[in-house]
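Chain by chain, the residues run as shown.
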Amino acid sequence: MARPDKAAAVAELADQFRSSNAVVLTEYRGLTVEQLKELRRSLAGHATYVVAKNTLAAIAAKDAEVEGLEESFVGPTAIAFVSGEVPDAAKALRDFAKANPMLVIKGGYLDGKALSAEEVTKLADLESRDVLLGKAAGAFKAALFQAAYVFNAPLTKTARTVDALREKQAADA
C-alpha cells in the first residue's frame, strides 16, 4: 500500500504535468543550493523548478499521460514545469547551463511529444512570441503598402501622361 505522503506528491506532480505548457527535465548533480536558488529566480514567471524523485516523477508522468520521458528519469532529476512562454523558459535554462556546466538538460515534453536535449536547445533559439508577432505584423504591413503602390501606379501614370500632353499642347500653341 502506498504511503499517503508519496501518493500526495505523485498527485501534485501529475497536476503540474497536466497544467504545464511544456516540461523540461534536467540533471542538477553538483549544483549548490545557491545556484539552484539563482536558477529558480531566472525561471520565475516562466516556469516552476521542482526536484523530484525519479520513481514518483515517472508515476506522475504516466498518470498525466505524458509518454516518452521514461528513459530521462535516471540520476538526480529536476523538472521545469513551464507555465509561460516555452522559448523563454528554454532560454533561461540554456543560459544557466552555459554559466553552470553542472546543469544538464536531459530532454522535455511539448504538445504531446517527447523532446531531446537538442530540441530543447532549438526551442531556446526561437525568438519570443511578441517578437515573432511583430515580425509577422511588419510583413503584413509591407505587403499592404506594396499593394497600395501597385493599385495607385496606373492613376499616377495617367495623371503624368495628361500633364505631359497639356504641356505639349501649350508649347505647340
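First, a word on what this report is: a plain description of the structure on this page. Please read all numbers here as calculations on a predicted model, not as lab measurements.

**Quick notes on empty space enclosed by the protein**
The final tally for this structure, using the stated rule, is 1 cavity of 30 Å³ or more. Put simply, the largest cavity is a space of about 40 Å³. Considering the residues around the largest cavity, the lining is formed by A22, V23, V24, V86, A90, Y109, L115, V120 and L123. Within the residue set of the lining of the largest cavity, elements represented by two or more residues are β1 (22-27), α4 (86-99) and α5 (117-125). With 3 residues, the single largest contributor to the lining of the largest cavity is β1. When the residues that make up the lining of the largest cavity are grouped by side-chain class, the tally is 9 nonpolar, no polar and no charged.

**So, the sheet that holds strand β3 (residues 77-82)**
Backbone-to-backbone hydrogen bonds pair the strands of a sheet. The strands run either parallel or antiparallel. Reading across the sheet, the 5 strands line up as β2-β3-β1-β4-β5 and stay open at both edges, with antiparallel pairing between neighbours. The outermost strands of the open sheet, each flanked by one partner alone, are β2 (47-52) and β5 (113-116). Each neighbouring strand pair of the sheet contributes to a mean axis angle of 20°, computed without reference to strand direction. One ladder, built from 6 bridges, connects β2 with β3; its direction is antiparallel. Within β3, the residue paired with V50 across the bridge is I79.

**What about the packing of helix α2 (residues 33-43) against α4?**
Packing of α2 against α4 leaves a shortest axis separation of 9 Å and a crossing angle of 150°. In terms of orientation, α2 lies roughly antiparallel with respect to α4. For the crossing formed where α2 meets α4, the hand is right-handed. In this structure, α2 uses Q35, E38, L39, S42 and L43 to contact α4, whose residues at the interface are A89, A92, L93 and F96. Of the residues contributing to the contact of α2 with α4, the split by class is 6 nonpolar, 2 polar and 1 charged.

**With respect to α4**
The first and last C-alpha atoms of α4 sit 20 Å apart over 14 residues, in line with the 20 Å expected at 1.5 Å per residue. Three or more residues of α4 are buried, namely V86, P87, A89, A90, A92, L93, R94, F96 and A97. If you follow the buried residues of α4, they end up packed against β1, α2, β2, β3, β4 (104-110) and α5.

Procedures and definitions
- Residues numbered from 1 in each chain as written.
- Predicted model: local features only at pLDDT ≥ 70, side-chain atom pairs only at ≥ 80, totals over all residues.
- Heavy atoms only, no water.
- 1 Å grid on protein atoms, 1.4 Å probe; cavity = no way out; pocket = protein on both sides within 12 Å on 5 of 7 lines; lining within 4 Å.
- Points joined across faces, edges and corners; volume = space filled by probe spheres on them.
- Helix = DSSP H or I, 4+ residues; strand = E, 2+ residues; numbered from the N terminus.
- Nonpolar A, V, L, I, M, F, W, Y, C, P; charged D, E, K, R; others polar.
- Pairing = 2+ DSSP bridges.
- Axes fitted to C-alpha atoms, helices over the stretch in contact; angles between N-to-C directions.
- Parallel < 35°, antiparallel > 145°, perpendicular 65-115°, else oblique.
- Left-handed = near helix turned anticlockwise from the far one by under 90°.
- Contact = heavy atoms within 4.5 Å.
- Expected span 1.5 Å × (residues − 1).
- Buried < 20%, exposed > 50% of the residue type's maximum accessible area, 1.4 Å probe, protein only.

Purely geometric stuff here, so don't read any function into it on its own.
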